[in-house]
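Coordinate analysis (summary)
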Amino acid sequence: MTHFLSFGEILEHMILTSFPSFVMHGRLPPKLYGTLNKTLIKEIGQLEEIDTEGVNWSKENYKNGFSTYASYCQLHHTSPNFAELESRLKKHMLKYLSRLNWQVNPKQVKMTTCWANRMGTGCHHTSHNHPMSLISGVYYLNAPKQASPLRIEDPRLNMFMNNPGRKPTAPRAEQPYLTFSPAAGSFVIFESWMRHEVPPHLGKTPRFSISFNYEF
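So, here is what we can say about the structure in this document. The residue numbering used here restarts from 1 in each chain and proceeds along that chain's sequence as written. Only residues with pLDDT of 70 or above have their local features reported here, since the model is predicted, and side-chain atom pairs are shown and tallied only from 80 upward, although totals for entire chains, interfaces and linings are computed over all residues. Just so you know, side-chain values use all the structure's heavy atoms and leave hydrogens and water out.

Digging into the side chain of His201
For the purposes of this entry, the term helix denotes a DSSP run of H or I that reaches at least four residues, the term strand denotes a run of E that reaches at least two, and both are numbered from the N terminus. Its place among the elements puts His201 in the loop between strand S9 (196–198) and strand S10 (207–215). From its side chain, His201 meets the backbone oxygen of Gly203 in a polar contact 3.4 Å long. For this analysis, residues touch if any pair of their heavy atoms sits within 4.5 Å. Excluding its chain neighbours within four sequence positions, the residues that come into contact with His201 are Met119, Gly120, Thr121, Gly122, Cys123, Pro144, Lys145, Gln146, Ala147, Ser148, Pro206 and Arg207. Two N or O atoms form a polar contact when they lie within 3.5 Å of each other; inside protein one atom must be a possible hydrogen donor and the other a possible acceptor, and for residues adjacent in sequence the pair counts only when both atoms belong to side chains.

Some words on the sheet that holds S9
Two strands form a pair only when DSSP identifies at least two bridges running between them. The antiparallel open sheet is built from four strands, whose spatial order is S4-S9-S6-S7. Lying at the two open borders of the sheet, with one neighbouring strand each, are strand S4 (125–128) and strand S7 (177–180). For this sheet the average axis-to-axis angle between neighbouring strands, irrespective of direction, equals 15°. Bridging between strand S6 (residues 150–153) and S9 involves two bridges; their strand directions are antiparallel. The residue of S9 that forms the bridge with Ile152 is His196. Simply put, an axis is a line fit to the C-alpha atoms, just over the touching stretch for a helix, and the angle between two N-to-C directions goes from 0 to 180 degrees.

Details of the sheet that holds S10
As summarised here, the arrangement of the six strands in space is S1-S8-S5-S10-S3-S2, forming an open sheet in which the pairing is antiparallel. The strands lining the two open edges of the sheet, one partner per strand, are strand S1 (23–27) and strand S2 (65–67). Within this sheet the neighbouring strands show an average axis-to-axis angle of 15°, counted without direction. Inspection of the sheet shows strand S3 (residues 110–119) paired to S10 by nine bridges, in the antiparallel sense. Within S10, the position partnered with Met111 by the bridge is Tyr214. This element, helix H4 (residues 80–100), spans S1, S3, strand S5 (135–140), strand S8 (186–191) and S10 of the sheet and lies at about 45° to S8.

In structure tokens, the structure reads:
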């Protein structure tokens, strides 16, 4: 359905907010994530001891870190602890999906990939998106000092020409980047086409997170 305004509805002038992008930021209650997060961190350590493929991939692509992205990327199907995390995130994903107003049956949207990440000092993840997925997200297991944030960029950046940039006082939603600092039990959910990055982790304590994708 096409929505339009007739000039009869405009008194003098109006400024529209059009083509918005939505990002969900939330946090599980402490009673739900406290013990689970400790268990997941321990399990990631165990995975690093046995996941030769993941360790080798990380040496080439995730310097000073460890990720199961290229090896164990469906942990919600193979680990009861990761499956528990999936169940706790599901209601939030469904609320986000509802806000997008997509013509899709929510029952058909499933978590298809889920992998673990450990970032040591200096480890980073360059700007990228998640092709072939609908919704992506990250869940944080801890928040060490100087932990690197998640940055989601304005999708129009590559089309700006003589744009002078935003004032520092501009509202958060109008800045070129949305920045989310990790907090234990917190999560960020966004559309998979959104480009995002993780700058170098500056903390001495490893930063642990779980990444995931949904498809239908």
